[in-house]
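# Working through the structure, step by step
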Amino acid sequence: MKKIGVAVLICSLALGLAGCGESEVMVLTPYGDAVIRDEGSSSASTQTQAKQTEKEETVVQKETEGKADAGGSSNLIQVGFAQVGSESDWRLAQTASMKETFTEANGYKLDFVDCNNDQKTQLDALEAFVENGVEYIILDPIIESGYEDALQKAKDAGIPVIVVDRNISAPEELYTCWVGSDFEKEGVDAAKWLDQYLEANNRAEEDINIVTIQGTVGASAQIGRSKGFNSLLSSHSNWNMLDEQSGDFTEDGGYAVMTAFLNQYEDIDVVVCQNDNEAYGAITAIQEKGLTCGPDGDIIMISFDATNGGFQKMIAGEINVDVECNPQEGPLVAELIQKLEAGQTVDKIQYVEEGVFPAETAADIIDSRAY
Ligand code: GZL
């Protein structure tokens, strides 16, 4: 793997900041917020902070030695990113986070491949990255299985692989680390919200009929959200999971599955959509049936991702709650690459921070959201 001489700029960056005292440094949190940390103290005044398995903040601003050459690319860190596709608002926000981070101005040359939700395309992209000799591979695996051979080839070529967002079921030694969400916790949080919502609306003893529109089957987001939500079914004997079908994380999929559910089941009380785009489609299907959903509707609508579109649907009164799945992973991944460039070790698992947003909070929060 080509090594690039790099200068790690810390103090001059911090000292260059207006108002930065000598002992202060600027820290880039994984959400891309710039914060000031007083080296004399251990705390940092920060607006957002990613929850990591190990609280580390690194002040690293990479600059290549001297000026980039005429070609520009030889002094840049070559990064290949094999992205799932462009199937959802969430995906577009995650892609934007990566493209805004891995720019030439930040010292990177990004080779981005939209794999169109097709694993063969993604495996071909990984093979091409190895053949082209990138220095780092970022992989968001469409499903958890089927990547061992591709990862082995990258390892044999000495190319670190950082897995983002969805998990991968491959031997841990084949990839450097994983950055993403705790999907099972997202599912549990959704079920916990439903429990307290029914309690607050005097429906805790009522028979509750639930249907789930799953994401892409085999994707860790689908596996985790299903496992997490369904783990609370056994403690609620009055909750009946009528059916679970995949909407593939798309609006069309959500519409088709919800239409089929409405034709098959007389009395649906709750729909769990495993992302916002499925919820958009499910809402259309519900309204076409002459029914309503949301806080004052016939059907309780639970969604995941908490994108801007999801917030707008909460404000419109069509979604009851949106469980966040944070796509702002670019800065955290860049921080990890910078640590690896500096010869540091990184934790195997790095969780991003996420919340649960009930509809009644949406109007106050939407303008502060990054995506
Ligand atoms: C979750 C991500 C999922 C989103 C969907 O981390 O993999 O894929 O929830 C997207 O919107 O399609």
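Residues numbered from 1 in each chain as written. Predicted model: local features only at pLDDT ≥ 70, side-chain atom pairs only at ≥ 80, totals over all residues. Heavy atoms only, no water.

### Some points on the sheet that holds strand 6 (residues 77-83)
On the basis of which strands lie adjacent, the open sheet formed by 6 strands has the order 7-6-8-9-10-16 and parallel pairing. Every other strand in the sheet has two partners, leaving strand 7 (108-114) and strand 16 (349-351) as the edge strands with one partner each. The sheet shows a mean angle of 20° between the axes of neighbouring strands, taken without regard to direction. Summarising the sheet, strand 10 (residues 177-180) and strand 16 pair through 3 bridges and their orientation is parallel. (Pairing = 2+ DSSP bridges. Helix = DSSP H or I, 4+ residues; strand = E, 2+ residues; numbered from the N terminus. Axes fitted to C-alpha atoms, helices over the stretch in contact; angles between N-to-C directions.)

### A word on the site of the ligand
For the ligand, the set of nearby residues contains 13 residues, the closest of which are Glu-87, Asp-165, Arg-166, Arg-225 and Asp-305. Between an oxygen atom of the ligand and a side-chain N or O atom of Ser-88, the distance comes to 2.9 Å. With respect to the ligand, the side chain of Arg-166 contributes an N or O atom lying 2.7 Å from an oxygen atom. When the ligand sits alone it has 310 Å² of accessible area, and the protein chains cover 100% of it. More than half of the atoms belonging to the ligand lie within 2 Å of the grid points that define the largest cavity. Counting only elements with at least two residues in the shell around the ligand, the list comes to helix 2 (89-101) and helix 6 (220-230). Taken together, the residues of the shell around the ligand break down into 5 nonpolar, 2 polar and 6 charged. (Near = heavy atom within 4 Å. Polar contact = N/O pair within 3.5 Å; in protein donor to acceptor, adjacent residues only side chain to side chain. Areas by Shrake-Rupley, 256 points an atom, 1.4 Å probe, with all protein chains shown as cover. 1 Å grid on protein atoms, 1.4 Å probe; cavity = no way out; pocket = protein on both sides within 12 Å on 5 of 7 lines; lining within 4 Å. Sits in = over half its atoms within 2 Å of the grid points. Nonpolar A, V, L, I, M, F, W, Y, C, P; charged D, E, K, R; others polar.)

### Digging into the nonpolar core
Residues Leu-126, Ile-137, Leu-139, Leu-151, Val-161 and Ile-168 are the most contacted members of the largest nonpolar core, which totals 28 residues. Membership of the second largest hydrophobic core comes to 26 residues, among which are Ile-213, Ala-282, Cys-293 and Ile-366. (Core = buried A, V, L, I, M, F, W, Y, C linked by side-chain atoms within 4.5 Å. Buried < 20%, exposed > 50% of the residue type's maximum accessible area, 1.4 Å probe, protein only.)

### Description of the sheet that holds strand 14 (residues 300-305)
Within the open sheet, the 6 strands sit side by side as 12-11-13-14-15-17. Their pairing is mixed. Either end of the sheet is taken by a strand with one partner, and the two such strands are strand 12 (239-246) and strand 17 (356-358). Neighbour-to-neighbour, the strand axes of this sheet turn through a mean angle of 15°, independent of strand direction.

### Comments concerning the pattern of salt bridges
Oppositely charged side chains are able to pair whenever their charged atoms sit close together. Applying the stated rule across the entire model yields 15 salt bridges. Here Asp-140 makes a salt bridge to Arg-91, at a shortest N to O gap of 2.8 Å. In this pair, Asp-140 sits in the loop between strand 8 (136-139) and helix 4 (148-156) while Arg-91 sits in helix 2, placing the two residues 49 residues apart along the sequence. The same class applies to Asp-140 and to Arg-91, which are both buried. Salt-bridge contacts for Lys-185 lead to Asp-189; the nearest nitrogen and oxygen are separated by 2.7 Å. (Salt bridge = Lys/Arg side-chain N within 4 Å of Asp/Glu carboxyl O.)

### Concerning the pairing of strand 9 (residues 161-164)
Side chains Val-161 and Val-163 project from strand 9 onto one buried face, and the interleaved Ile-162 and Val-164 project onto a second face that is buried too. Here strand 8 pairs with strand 9 via 3 bridges, running parallel. Bridge assignment links Leu-139 to a residue of strand 9, and that residue is Val-163. With helix 4 bridging strand 8 and its parallel neighbour strand 9, the resulting β-α-β unit is right-handed. When strand 9 meets strand 10, the two strands line up parallel, connected through 3 bridges. By the bridge assignment for strand 10, Val-164 is matched with Val-179. (Right-handed = clockwise from strand over helix to strand, strands pointing away.)

### Section: empty space enclosed by the protein
In this approach the atoms are scanned with a rolling probe the size of a water molecule, which exposes any empty space left behind. What the rule picks out here adds up to 2 cavities of 30 Å³ or more. The calculated volume of the largest cavity comes to roughly 80 Å³. Trp-90, Arg-91, Arg-166, Phe-249 and Asp-305 are the residues nearest the centre of the largest cavity, which is lined by 13 residues in total. Elements represented by at least two residues in the lining of the largest cavity include exactly helix 2 and helix 6. Looking at side-chain class alone, the lining of the largest cavity contains 5 nonpolar, 2 polar and 6 charged residues. (Points joined across faces, edges and corners; volume = space filled by probe spheres on them.)

Just distances and angles here, no functional claims.
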